[in-house]
Amino acid sequence: MVAWGSVTAAFLALHALPGRIEDILAGDLDYPGLREAIAAEWGLGRSLPEQYLDFVARIASGDFGVSYVLRQPVAQIVGSQILPTVQLATTAGALALALAVLAATLTAGRGGAARSVASTIELTCASAPVFWIGILLLMAFSFSLRWFPVSGAGGWKALVLPSAALALPTAGLLAQVLREAMEKTLEQPFIVTVRARGLGEGLIRLRHVLRHAALPAVTLGGWLIGGLLGGAVITEKVFGRPGLGTVTLNAVLTHDVPVVLAVVLLAAFIHVAASTLLDIVYVVIDPRLKAQ
């Protein structure tokens, strides 16, 4: 339903823009016969319902049209750049999760300076823009220490700083949510029973508390995935990496509407897939949800 709504919204937005559709899709290009070819390809001479059905059918088959600026199929353009973005977002997500779990597990239910320092760092990371963190990391670890390359996508070292820049804001927010949920779980009666069995505090937190506290964090999953994808666009430009960020920015600057539409729809489809996966994760974490 969400995927269908996204496709419908894209179709309506395209037709709601001022001007003729063929002029919008052509962008800044102006050579003989282009607009006539666009009108024929998109069936703009037919009725609006027929155009809509054709649009939905094309998207469902993976046909996003042609980039008239680059003179290549849009699916080919996006497909060739999606892997670096997925690689960056996945690595950043895994790093953010690891940092959040570590910080929340070590500080939940404990007072003192360590918790205050952790909360301050988390709030700073969650509030800081991705590009600002990226620039600071570049200044420290690329320009001064020269540990990692400034730009590019060659080798694992080129992935370290972009992933860290993208992961830190997500980790800051996730750690705060996890800590609050873990502290509530630590107050539950079953924790007293578990402690009475002689389990160590570390095992209690990792095996019992963390699992019960995971649901609130998983609820943020859809938003966090969207944030990682959106942040990847900025991060790729800061670190000079290939990916959908570079493609999207270039498409916006050159008025390459078919590419922009494809990226927007792809982001919506990823959100749908992530939401479906999260529904499965809910049941894995708490089997009692099967009965609901």
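Note that this is a predicted model, so its numbers are computed, not measured. (Residues numbered from 1 in each chain as written. Predicted model: local features only at pLDDT ≥ 70, side-chain atom pairs only at ≥ 80, totals over all residues. Heavy atoms only, no water.)

> Would you mind going over the confidence of the model for the protein chain with me for this structure?
Note that predicted coordinates carrying low pLDDT should not be read in detail. For the protein chain, the mean per-residue pLDDT works out to 79, and 90% of the residues sit at or above 70. The weakest mean pLDDT in the protein chain belongs to helix 9 (residues 189-196) at 71; the strongest belongs to helix 7 (residues 130-144) at 87. (pLDDT = per-residue confidence, 0-100. Helix = DSSP H or I, 4+ residues; strand = E, 2+ residues; numbered from the N terminus.)

> What am I meant to see in unusual backbone geometry here?
Leaving glycine out, the prevailing phi sign among residues is negative, and the prevailing peptide bond configuration is trans. Phi is positive for Arg146, which is not a glycine, with a value near 60°. Take Arg146: it is sitting in the loop between helix 7 and helix 8 (157-186). Look at Arg146 and you get exposed, because its relative accessible area is 68%. (Buried < 20%, exposed > 50% of the residue type's maximum accessible area, 1.4 Å probe, protein only.)

> How should the pattern of salt bridges be read in this particular structure?
It is possible for side chains bearing opposite charge to pair when their charged atoms get close. Scanning all chains against the criterion turns up 2 salt bridges. A salt bridge links Arg46 to Asp54; the shortest N-O distance between them is 3.5 Å. Owing to a relative accessible area of 23%, Asp54 belongs among the partly exposed residues under this scheme. Among the salt bridges present, the one from Arg179 reaches Glu122, with a minimum N-O distance of 2.5 Å. With Arg179 in helix 8 and Glu122 in helix 6 (residues 113-127), this pair connects stretches of sequence that are 57 residues apart. (Salt bridge = Lys/Arg side-chain N within 4 Å of Asp/Glu carboxyl O.)

> Which parts of the structure should I look at to understand the UniProt feature "transmembrane region" (unreviewed entry) in the protein chain?
UniProt's entry tags residues 88-109, 130-148, 160-178, 213-234 and 259-285 with the feature "transmembrane region" (unreviewed entry), counted in the numbering of this structure. Secondary structure content for residues 88-109 is 91% helix and 0% strand, and the end C-alpha separation is 33 Å. In this annotation, residues 160-178 is assigned 100% helix and 0% strand; the end-to-end C-alpha distance for the span is 25 Å. (UniProt positions renumbered as here; feature names shortened; annotations may be inferred.)

> Got a minute to help me understand the nonpolar core in this structure?
The biggest cluster of nonpolar side chains holds 30 residues, and the ones touching the most others in it are Leu14, Leu25, Ile38, Trp42, Phe55, Val78 and Val259. Only helix 1 (2-16), helix 2 (21-26), helix 3 (34-41), helix 4 (48-60), helix 5 (74-107), helix 12 (244-253) and helix 13 (257-285) provide two or more residues apiece to this core. With 7 residues, the top contributor of residues to this core is helix 13. If we skip the residues at most four places from it in the chain, Ile38 touches Glu22, Leu25, Ala26 and Tyr68. Core analysis: the next-biggest nonpolar cluster, separate from the first, contains 17 residues, Ala108, Leu174, Ala181 and Ala217 among them. (Core = buried A, V, L, I, M, F, W, Y, C linked by side-chain atoms within 4.5 Å. Contact = heavy atoms within 4.5 Å.)

> Sorry, what's going on with the packing of aromatic side chains here?
What describes a pair of aromatic rings is the distance from one ring centre to the other and the angle between the planes of the rings. Going through the model one piece at a time under the given rule, you end up with 1 aromatic pair. Taken together, a centroid distance of 5.8 Å and an interplanar angle of 35° make the contact between Phe141 and Trp147 tilted. For Phe141, a relative accessible area of 26% puts it in the partly exposed group. (Phe/Tyr/Trp six-rings, centres within 6.5 Å; stacked < 30°, edge-to-face > 60°.)

> What's the story with the environment of Val7 in this structure? I'm lost.
Positionally, Val7 belongs in helix 1. Spatially, the C-alpha atom of Val7 lies 35 Å from that of Ser151, the residues being 144 residues apart in sequence. When near neighbours in sequence (up to four residues on either side) are disregarded, Val7 contacts Phe55, Val56, Ile59, Leu265 and Phe269.

> Got a minute to help me understand the packing of helix 5 against helix 8 in this structure?
Think of two packed helices as two axes; the pair is described by the angle between the axes and how far apart they sit. Look at helix 5 against helix 8: their axes get within 6 Å of each other, and the N-to-C directions meet at 40°. Helix 8 is crossed by helix 5, and the crossing has right-handed handedness. Split by residue class, the contact of helix 5 with helix 8 holds 22 nonpolar, 6 polar and 2 charged. (Axes fitted to C-alpha atoms, helices over the stretch in contact; angles between N-to-C directions. Left-handed = near helix turned anticlockwise from the far one by under 90°. Nonpolar A, V, L, I, M, F, W, Y, C, P; charged D, E, K, R; others polar.)

> Help me out: how do you make sense of the packing of helix 5 against helix 12 in this one?
Contact pair helix 5 / helix 12: the axes reach a minimum separation of 7 Å and the direction vectors enclose 135°. With respect to helix 12, the element helix 5 is oriented oblique. Between helix 5, through Ile77, Val78, Gln81, Ile82 and Thr85, and helix 12, the contact on the second element is made entirely by Leu244, Gly245 and Val247. Residues that form the contact of helix 5 with helix 12 fall into these classes: 5 nonpolar, 3 polar and no charged. (Parallel < 35°, antiparallel > 145°, perpendicular 65-115°, else oblique.)

> What should I look at first to understand a nonpolar patch on the surface in this one?
Together, Phe131, Trp132, Ile135, Leu136, Met139, Phe143, Val150 and Ile234 make up a nonpolar patch on the protein surface, roughly 730 Å² of accessible area in all. Ranked by the residues each element gives to the nonpolar patch, the list is headed by helix 7, at 6 residues. Here Phe131 lies in helix 7. (Patch = residues over 30% accessible without salt bridge, like charges linked within 9 Å, V, L, I, M, F, W, Y side chains within 5 Å. Areas by Shrake-Rupley, 256 points an atom, 1.4 Å probe, with all protein chains shown as cover.)

> What is the right way to look at helix 6 in this model?
Between its first and last C-alpha, helix 6 extends 21 Å over 15 residues, near the 21 Å set by a 1.5 Å rise per residue. For helix 6, the complete set of buried residues consists of Ala118, Glu122 and Cys125. Taken down its axis, helix 6 places every buried residue within 65° of arc, on the same side. The exposed set on the far side of helix 6, more than 90 degrees from its buried face, consists of Ala113 and Ser127. (Expected span 1.5 Å × (residues − 1). Arc of directions from axis to C-beta.)

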